[in-house]
Amino acid sequence: MRGEYNTRQKREMLGFLLSHEMMHFSVDEFVQAMEEQGVRVGRTTAYRFLEALSEQGGVRKYLSPTGQMLYQSVPVNENCDRHFHLMCSRCGCLLHVDCEMMQALNEHLMEEHRFRVDARQSVLVGLCQRCAEEEKHGAD
């Protein structure tokens, strides 16, 4: 019976992550979001689950600007080795940037400066649109 519960619980946690692709959560936020969906998950269980998925590549683990460990569900076809990332210094969201301009920058750095960027580790920090708008309206 106990193994059955864990299997169901893992399916529900995985289903939740798949339905919230590209969103980021701390372990506590993940536990709370699961509870809001009617699924009770212990903090340790959630932590171990998210850690296992991060090792398998289904979840990206990163440190927010405030020092909090965050987990982000990424689509199966998402390849973080080939694109840059943008991180909001306010809310901690991580955006994946796969565009020609960033690829051109990567090529320029290699050709002109003999420097190969590790795209998986590349993070440009600034404000996301939502936080920039909130900051703008707060100043008004």
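Now for a look at the structure at hand. (Residues numbered from 1 in each chain as written. Predicted model: local features only at pLDDT ≥ 70, side-chain atom pairs only at ≥ 80, totals over all residues. Heavy atoms only, no water.)

Some words on a nonpolar patch on the surface
Stage number 1. A contiguous nonpolar patch, built from Leu86, Leu95 and Leu124 and spanning about 230 Å² of accessible area, is present on the exposed surface.
Stage number 2. Looking at the element boundaries, Leu124 is found in strand 6 (residues 123-126).
Stage number 3. Since its relative accessible area comes to 43%, Leu124 is described here as partly exposed. (Patch = residues over 30% accessible without salt bridge, like charges linked within 9 Å, V, L, I, M, F, W, Y side chains within 5 Å. Areas by Shrake-Rupley, 256 points an atom, 1.4 Å probe, with all protein chains shown as cover. Salt bridge = Lys/Arg side-chain N within 4 Å of Asp/Glu carboxyl O. Helix = DSSP H or I, 4+ residues; strand = E, 2+ residues; numbered from the N terminus. Buried < 20%, exposed > 50% of the residue type's maximum accessible area, 1.4 Å probe, protein only.)

Examining the sheet that holds strand 5 (residues 94-97)
Stage number 1. An order of 5-4-6 is seen for the three strands of this open sheet, with the pairing classed as mixed. The open sheet has two edge strands with one neighbour each: strand 5 and strand 6. Averaged over all pairs of adjacent strands, the angle between strand axes in this sheet comes to 25°, irrespective of strand direction.
Stage number 2. In terms of strand pairing, strand 4 (residues 84-88) meets strand 6 through four bridges, oriented parallel. The partner of Cys88 across the bridge, within strand 6, is Gly126. (Pairing = 2+ DSSP bridges. Axes fitted to C-alpha atoms, helices over the stretch in contact; angles between N-to-C directions.)

Points about the packing of aromatic side chains
Stage number 1. Under the counting rule described, the total for this entry stands at three aromatic pairs.
Stage number 2. Ring centres of Phe16 and Phe25 lie 5.5 Å apart, and the angle between their planes is 50°; this geometry places the pair in the tilted category. Take Phe16 and Phe25: they sit in the same class, and that class is buried.
Stage number 3. Seen in terms of ring centroids, Phe25 and Phe30 are 6.2 Å apart; in terms of plane orientation they differ by 70°. Their pairing is edge-to-face. Across the pair, exposure class does not vary: Phe25 and Phe30 are buried alike.
Stage number 4. Cluster of aromatic residues (ring-pair linked, three or more members): Phe16, Phe25 and Phe30. (Phe/Tyr/Trp six-rings, centres within 6.5 Å; stacked < 30°, edge-to-face > 60°.)

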